[in-house]
Amino acid sequence: MSSFAAYLRLDGTEGLPHSVAGQLETAIAVGLLSHGDRLPPESELAAELGVSTGTLRQALETLRQRGAIETRRGRGGGSFVRNASKPPPETALNQLRERSADSLRDLGDACAAVVGGAAHLAAQRAAHDDVERLRRLAEHFRSAETADERRRADSRFHIEIGVVAHSVRLTQAIVHLHDELASLFWTVGGEAEHHPVTESANTALIEAIDSADADTARAVAMQDVESRVQHLIDLHLDLVVRGEP
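Residues numbered from 1 in each chain as written. Predicted model: local features only at pLDDT ≥ 70, side-chain atom pairs only at ≥ 80, totals over all residues. Heavy atoms only, no water.

Of the regular secondary structure elements, the chain holds 11 helices and 2 strands. When burial is assessed residue by residue, the chain has 46% of its 245 residues classed as buried. At a minimum sequence separation of 6, the contacts of the chain that also span at least 24 residues come to 74%. Looking at the chain as shown, the accessible area adds up to about 11900 Å², and 48% of this sits on carbon and sulfur atoms. (Helix = DSSP H or I, 4+ residues; strand = E, 2+ residues; numbered from the N terminus. Buried < 20%, exposed > 50% of the residue type's maximum accessible area, 1.4 Å probe, protein only. Contact = heavy atoms within 4.5 Å. Areas by Shrake-Rupley, 256 points an atom, 1.4 Å probe, with all protein chains shown as cover.)

Our focus in this paragraph is the confidence of the model for the chain. Mean pLDDT over the chain works out to 84, with 86% of the residues at or above the 70 mark. Per-residue pLDDT, averaged within each element of the chain, yields its smallest value for helix α1 (residues 3-8) (64) and its largest for helix α6 (residues 101-125) (96). (pLDDT = per-residue confidence, 0-100.)

With a phi angle near 60°, H166 is a residue other than glycine that sits in the positive phi range. Among the secondary structure elements, H166 is positioned in the loop between α8 (147-164) and α9 (168-188). Even without glycine at this site, A212 takes up a positive phi of about 60°. Relative to the elements of secondary structure, A212 occurs in the loop between α10 (200-210) and α11 (214-242).

This part covers the nonpolar core. As a rule of thumb, soluble globular proteins bury nonpolar side chains together. Counting 66 residues, the largest nonpolar core has L56, F157, I161, L205 and I209 as its most contacted members. Dropping the residues within four chain positions of it, L56 is found in contact with V20, L24, E42, L45, A46, L49 and V51. (Core = buried A, V, L, I, M, F, W, Y, C linked by side-chain atoms within 4.5 Å.)

So, about the pattern of salt bridges. Side chains carrying opposite charge are able to pair once their charged atoms draw close together. Applying the stated rule across the entire model yields 17 salt bridges. E180 serves as the salt-bridge partner of R99, at 3.1 Å between the closest nitrogen and oxygen. Of the two residues, R99 is situated in the loop between α5 (89-98) and α6 and E180 in helix α9; the sequence distance between them amounts to 81 residues. A residue is classified by how much of its surface remains accessible, and E180, at 35% relative accessible area, is partly exposed. Of the charged contacts in the structure, one is a salt bridge between E132 and R135, with a shortest N-O distance of 3.4 Å. Remark: R135 and E132 occur in helix α7 (residues 128-143); sequence separation between them is 3 residues, near one turn of the helix. A relative accessible area of 27% places R135 in the partly exposed class. Bridged by salt links that share partners, the residues D130, R133, R156 and E160 form one connected network. (Salt bridge = Lys/Arg side-chain N within 4 Å of Asp/Glu carboxyl O.)

On to the pairing of strand β2 (residues 78-81), then. Regular strands have side chains that alternate between both faces of the sheet. Where strand β1 (residues 69-72) meets β2, 4 bridges bridge the pair, whose relative direction is antiparallel. Along β2, the bridge assignment pairs I69 with V81. (Pairing = 2+ DSSP bridges.)

On to the packing of aromatic side chains, then. One pass over the structure, following the stated rule, counts 0 aromatic pairs. We note R150 situated over the ring of F141; from NZ or CZ to the ring centre the distance is 4.3 Å. Positioned above the aromatic ring of F185 is the side chain of R228, whose terminal nitrogen or guanidinium carbon lies 5.4 Å from the ring centre. (Phe/Tyr/Trp six-rings, centres within 6.5 Å; stacked < 30°, edge-to-face > 60°. Lys NZ or Arg CZ within 6 Å of the ring centre and 35° of its normal.)

Following both chains from N to C, one finds α6 and α9 inclined at 135°, their axes separated by 9 Å at the closest point. The angle between α6 and α9 places the two elements in the oblique class. As α6 packs across α9, the resulting crossing turns out to be left-handed. Between α6, through L104, L107, A110, C111, V114, V115, G117, A118 and L121, and α9, the contact on the second element is made entirely by L170, A173, I174, L177, H178, E180, L181 and L184. (Axes fitted to C-alpha atoms, helices over the stretch in contact; angles between N-to-C directions. Parallel < 35°, antiparallel > 145°, perpendicular 65-115°, else oblique. Left-handed = near helix turned anticlockwise from the far one by under 90°.)

Structure (structure tokens):
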């Protein structure tokens, strides 16, 4: 099952157009849908989301108005993903300054627990094809050239851990928790090379999953999240001390 298909199986859309639009926007933001991707046919997508085609059409119209998708008519037409807009760095810096260190630590604790638990299960359940898919996603992360591309590739890699763990609920939690963390992490520090994240954590995690070493997989995943959160806390405290708006 693909990450996007797993995500669509999650309940929580509440059958409302704005909820459906929000779910699809999240899928775009975290990289489950990329620029140029064609959405499934309306009837198929509505069935996957568990909503009526009328509700889906209202949600798609909302996304068109927001510039998240475009619809082309005629042969080869359909609804296609456009580049998602992102807030300016100043907005993210302001959000980081206004958050408390305790709230950042709480986000990190929740994210580390969820990603760590998913990694533990993934090491127990992964097949060869699952590991190869993780390797390809790690390569996409390595080849990304901008902070936004790395954010999407980073979230996409971690969401796949939930899919490899064969847990829909963990996948849901990773989508929301890791995207909240990644959105802050990759925006506040500028370009990708300014961040203290290397590919070593992804490599170590893949090797632990491939070796069915569940304890190491969980430890690596949790340590990676914790290091990111500590980086954000340090930036937050620096902003507060300097009194930057």
